Amino acid sequence: MEITINKTQNPKAKPDMSNLPFGKYFSDHMFIMDYDEGKGWHDPRIVPYGPIELDPSAMVFHYAQEVFEGLKAYKSSDGHVRLFRPDKNFARLNVSNERLAIPQIDEALCLEGLKKLVELDKEWIPEQEGTSLYIRPFIIATDPFLGVKPSESYKFMIICSPSGLYYPEGLAPVKIYVEDSYVRAVRGGTGFTKTGGNYAGSIRAQVVAHEKGYSQVLWLDGVEQKYIEEVGSMNIFFKINGEVVTPALNGSILSGITRMSTIELLKSWGVPVSERKISIQEVSDAYDNGTLEECFGTGTAAIISPVGELSWDDKVMLINDNKIGEITQRIFDTITNIQTGKEEDKMGWVLKVD
Ligand SMILES: *Cc1c(COP(=O)(O)O)cnc(C)c1O
């Protein structure tokens, strides 16, 4: 299938690239491809960025049959465009597709579309430290039909947003509230997928945590509310007595690409790391006996986010004196240096676009 390109006649004015918010501005072009039953995915194309028309009865509006991804493009100091592990994003999109009964995409074709889009809009990639072009591939169900069943038509799109830091705090440690009434995902549900519905159900807890002065929610398992799952849009790691621990993927946790990269880095450095069940009680006990050394979240948007304070029940745990830990800093530096080309990409994670 050939990807056609229709360039904009009216390039937009760029925002102030030295003071970028996250996810607010969008580049000049977008990638679109349609799916129709009997025809499969067709008409992959790059067109000027703009609104799309949908029937008010389009199924995505009613039953949320939708999946998405998030990744970033960087420009290295020599001006080349770099994507971080984009193949993993399209592979994961197909995992989400399977669960949401959305047809599989051709990963190689979508990657090709992404490369062409990013190359065309490369002037939209900001270069200041901490900035990047945030890329959002997504698929929506478009059948005009009010019945619960898989849609017979879909749109796959990729949009790009020059963005600054996801958390205004940057690398300053965040305060996290351990949520013990609401849950995010349950066994057999959609927790392992990137689908909007997971987020829709989580917003209320986020609002309550904000009101209490916390920036994020740490989710516990949806069955016993004992075991740690993840944070809002990040996976979570603890360093306890020299060992780095992160919850094992259990079907309700999102399999983060930053999580995977962090584990691979720690292994390559010979730092003990384990993926296993970890209860909030274990973390609390480690805090009490002085072995809770570091805590951080991992995710594409924030990359690495140190956690300075965890609040569980009536207990407030201050971690590493509310300062970024040594391992946390080393992971952040290594990943960002590889992404931006300041450090040799020994892991083979970067895809150069031009
Ligand atoms: C996207 C996401 C993450 C982080 O995954 P990355 O691939 O590292 O960006 C973690 N948790 C949830 C719920 C997510 O949606």
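Quick notes on the rules
- Residues numbered from 1 in each chain as written.
- Predicted model: local features only at pLDDT ≥ 70, side-chain atom pairs only at ≥ 80, totals over all residues.
- Heavy atoms only, no water.
- UniProt positions renumbered as here; feature names shortened; annotations may be inferred.
- Patch = residues over 30% accessible without salt bridge, like charges linked within 9 Å, V, L, I, M, F, W, Y side chains within 5 Å.
- Areas by Shrake-Rupley, 256 points an atom, 1.4 Å probe, with all protein chains shown as cover.
- Salt bridge = Lys/Arg side-chain N within 4 Å of Asp/Glu carboxyl O.
- Buried < 20%, exposed > 50% of the residue type's maximum accessible area, 1.4 Å probe, protein only.
- Helix = DSSP H or I, 4+ residues; strand = E, 2+ residues; numbered from the N terminus.
- Phe/Tyr/Trp six-rings, centres within 6.5 Å; stacked < 30°, edge-to-face > 60°.

For the protein, the name recorded in an unreviewed UniProt entry is Branched-chain-amino-acid aminotransferase, with Monoglobus pectinilyticus as its organism. Within the UniProt record for the protein, the comment given under Cofactor (unreviewed entry) is "pyridoxal 5'-phosphate". Of the comments in the UniProt record for the protein, the one headed Sequence similarities (unreviewed entry) reads "Belongs to the class-IV pyridoxal-phosphate-dependent aminotransferase family."

Novice: Account for a nonpolar patch on the surface, naming residues and giving values.
Specialist: On the surface, a nonpolar cluster with roughly 350 Å² of combined accessible area is contributed by Tyr63, Leu146 and Val148. We classify Tyr63 as partly exposed; its relative accessible area is 38%.

Novice: Explain the pattern of salt bridges to me, using residue names and the numbers behind them.
Specialist: In the structure shown here, the tally under the stated rule is 18 salt bridges. Of the charged contacts, one joins Lys14 and Glu123 as a salt bridge, the two residues approaching to 3.9 Å between their closest N and O atoms. Placement of Lys14 in the loop between strand E1 (4-5) and strand E2 (29-36) and of Glu123 in the loop between helix H3 (107-120) and strand E7 (132-141) is noted, with a sequence separation of 109 residues between them. A salt bridge links Glu224 to Lys226, with the nearest nitrogen and oxygen atoms 3.3 Å apart. The class for Glu224 is partly exposed, based on a relative accessible area of 44%. Connected through shared salt-bridge partners, Asp34, Arg45 and Lys155 make up one network.

Novice: Account for the packing of aromatic side chains, naming residues and giving values.
Specialist: In this structure the tally under the stated criterion is 11 aromatic pairs. Aromatic pair Phe22 and Tyr134: ring centres 4.9 Å apart, planes at 55 degrees, arrangement tilted. Placement of Phe22 in the loop between E1 and E2 and of Tyr134 in strand E7 is noted, with a sequence separation of 112 residues between them. For Tyr134, a relative accessible area of 10% gives the class buried. Relative to Phe296, the ring of Phe237 lies with its centre 5.0 Å away and its plane at 5 degrees, an arrangement referred to as stacked. Within this pair, whereas Phe237 is found in strand E12 (residues 235-240), its partner Phe296 is found in strand E15 (residues 292-299), the two being separated by 59 residues in sequence. For the pair Phe237 and Phe296, one class covers both residues: buried. Every member of this aromatic cluster is reached through a ring pair, and the members are Phe31, Tyr35, Trp41, Phe90, Tyr154 and Phe156.

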